[in-house]
Amino acid sequence: MIVVTGATGNVGRTLVRILAEQGHEVTAASRRITDGDVPPGVRAVSADLSQPSAGMPSTADAVFLLVGGDLMMAGDPARVVAPFAGYGKIVLLSSQGVATRPDSLSHGKAFAAFEQVVMDSGTGWTILRPGGFASNAYAWAPSVKATRTIAAPFGEVGLPVIDPGDIAAVAAAALTQPGHTKAIHELTGPMPTTPRQRAAAIGDAIGEPVTFIDQTREEAHARMLTFMPAPVADTTLDILGTPTVRERTVSPDVQKILGRAPATFADWAKRNAAAFR
């Protein structure tokens, strides 16, 4: 059996579907989940990793471990990981920031602490370190729907954002195939794209032009403070505006693991066009 935490999210939902289609026994766990959220034959378990649920299996062949931002910042990774120490394998969704922003609590240090606990757990492990998610563009959906506009800072700075579907596909391989134990996979898209280019790709996907509006860093920071702490906003803007060479570089890992190129942002936008119409 394979347990998938964060099973209703952008990565977890797709991962559950992939594993179920492959014929694996899957338990899908999330704080708020119903049988309607999972494919037929998949067991849905309501579980909060901050308060390990009796419904979570005591043993399993493997677990996909996704730790929410509140737990990540709480600073108690040992307690979160402990219930899975008896599993056959842990595949942890971490962050590229462990390597590129090691001094940042939100993007580097907190994830690094979880990585270390997983590595020290005595269980087989694989670490996935994605860069920025293509699905972060969902934040633009309200303005695209209302006014066919997207406002964002650093319109000409490119980053190789990754389709969460590719993260899920890599996770499925790490959970079910040999050769991934004690491996760290860095996951990116196939090419850097700028916010302006992503806005154009969304316009192409919905069949209507979308106007890109340049924001200042200050304007973007003020908006981010409405839904994230200031230190997280600061580091996020640093990545978006002054990315390191590594953050701008395309990793070969998705291609090597899946035997195909990662999906482009345009691919992601076409598949999710309904969210912006």
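Before reading further, recall that the structure is shown in the block above.
Computed from a predicted model, the values in this text were never measured in an experiment.

Analysis parameters
- Think of each chain on its own: its residues are numbered from 1, step by step along the sequence as written.
- With pLDDT at 70 or above as the cut-off, local features in this predicted model cover only qualifying residues; side-chain atom pairs require 80 or more to be listed or tallied, and sums for whole chains, interfaces and linings still use all residues.
- As a rule here, side-chain values cover all heavy atoms of the structure and leave hydrogens and water aside.
- Secondary structure elements are taken from DSSP: a helix is a run of H or I of four residues or more, a strand is a run of E of two residues or more, and numbering for both begins at the N terminus.
- The reference for a compact globule is 2.2 Å times residues^0.38; the radius of gyration itself is calculated from the C-alpha atoms.
- To sort residues, take the accessible area from a 1.4 Å probe on protein chains only and compare it with the maximum for the residue type: under 20% means buried, over 50% means exposed, and anything in between is partly exposed.
- Contacts: residue pairs with any heavy atoms within 4.5 Å of one another.
- For accessible areas, the Shrake-Rupley method is used with a probe of radius 1.4 Å. Any residue's cover is judged against the shown protein chains and nothing else.
- Working definition: rings of Phe, Tyr and Trp (its six-membered ring) pair if their centres are within 6.5 Å, and the pair is stacked with planes under 30 degrees apart, edge-to-face with planes over 60 apart, and tilted otherwise.
- Think of it this way: DSSP has to see at least two bridges between two strands before they count as a pair.
- In this analysis an axis means a line fitted to C-alpha atoms, helices contributing only their contacting stretch, and an angle means the value between N-to-C directions, from 0 to 180 degrees.
- The definition of a nonpolar core used throughout is a set of buried Ala, Val, Leu, Ile, Met, Phe, Trp, Tyr and Cys residues joined through side-chain atoms within 4.5 Å.
- Note on terminology: angles under 35 degrees are roughly parallel, angles over 145 are roughly antiparallel, angles of 65 to 115 are roughly perpendicular, and the others are oblique.
- Handedness of a crossing follows from how the near helix is turned relative to the far one, being left-handed for an anticlockwise turn of less than a right angle and right-handed for a clockwise one.

In terms of regular secondary structure, the chain is built from 13 helices and nine strands. Here the C-alpha atoms of the chain give a radius of gyration of 19 Å, agreeing with the 19 Å that 2.2 N^0.38 yields for 277 residues. Reported as C-alpha extents along the three principal axes, the dimensions of the chain are approximately 50 × 40 × 35 Å. Of all 277 residues assigned to the chain, the portion counted as buried reaches 51%. Sequence separation of at least 24 residues holds for 74% of the intrachain contacts in the chain that already meet a minimum separation of 6. Per element, the accessible surface of the chain, about 12,200 Å² overall, is 54% carbon and sulfur.

So, about the packing of aromatic side chains. Counting across every chain of the model gives five aromatic pairs. A ring pair is formed by Phe-84 and Tyr-87, whose centres lie 5.3 Å apart and whose planes are at 90°; its orientation type is edge-to-face. One exposure class covers both Phe-84 and Tyr-87, and it is buried. With a centroid separation of 6.3 Å and an interplanar angle of 15°, the aromatic rings of Tyr-138 and Phe-276 are classed as stacked. Taken together, the positions of Tyr-138 in the loop between strand E6 (124–130) and helix H6 (141–147) and Phe-276 in the segment after helix H13 (265–271) put the pair 138 residues apart, joining distant regions of the chain.

Moving on, we come to the sheet that holds strand E8 (residues 183–187). With respect to topology, seven strands assemble into an open sheet ordered E3-E2-E1-E4-E5-E6-E8, the strand pairing being parallel. The sheet terminates laterally at strand E3 (43–46) and E8, the two strands that pair on one side only. Neighbour to neighbour, the strand axes of the sheet diverge by 15° on average, direction disregarded. Relative to strand E5 (residues 89–93), strand E4 (residues 62–65) runs parallel, the two being bridged by three bridges.

Membership of the largest hydrophobic core comes to 31 residues, with the highest contact counts inside it found for Val-4, Leu-15, Leu-19, Phe-64, Leu-128 and Leu-175. Once you skip the residues sitting within four places of it in the chain, Val-4 turns out to touch Gly-12, Leu-15, Val-16, Leu-19, Val-26, Thr-27, Ala-28, Ala-29 and Phe-64. With 25 residues, the next largest nonpolar core counts Leu-49, Met-56, Trp-125 and Ile-127 among its residues.

Our focus in this paragraph is the packing of helix H1 (residues 12–21) against helix H7 (residues 164–176). Between H1 and H7, the shortest axis-to-axis distance is 8 Å and the interhelical angle comes to 45°. Comparing their axes, H7 and H1 come out oblique. Crossing hand, H1 versus H7: right-handed. Contacts between H1 and H7 involve Thr-14, Leu-15, Ile-18 and Leu-19 on the former and, on the latter, Gly-165, Ala-168, Ala-169, Ala-171, Ala-172, Leu-175 and Thr-176.

With that settled, consider the pairing of strand E7 (residues 149–153). Among the five residues of E7, four are classified as buried, and the element is accordingly described as predominantly covered. Pairing between E7 and strand E9 (residues 211–215): five bridges, direction parallel. Residue Ile-150 lies in a different strand from E9, and its bridge partner there is Phe-212.

Moving on, we come to the environment of Ala-205. Its location among the elements puts Ala-205 in helix H8 (residues 195–206). Of the residues examined, Ala-205 reaches a relative accessible area of 14% and is grouped as buried. Separated by 63 residues in sequence, Ala-205 and Trp-268 have C-alpha atoms that sit 9.2 Å apart. Look past the residues within four positions of Ala-205 in its chain and what remains in contact with it is Ala-269, Lys-270, Ala-273 and Arg-277.

If you check the backbone angles, Phe-154 has positive phi at about 55° while not being a glycine. Inspection of the secondary structure assignment puts Phe-154 in the loop between E7 and H7.

As for its position among the elements, Ala-152 is in strand E7. Relative accessible area serves as the criterion here: at 4%, Ala-152 is assigned to the buried category. Remark: the alpha-carbon pair of Ala-152 and Phe-212, spanning 60 residues in sequence, is separated by 7.7 Å. If sequence neighbours within four positions are ignored, Ala-152 has contacts with Trp-140, Pro-195, Phe-212, Ile-213, Asp-214 and Gln-215.

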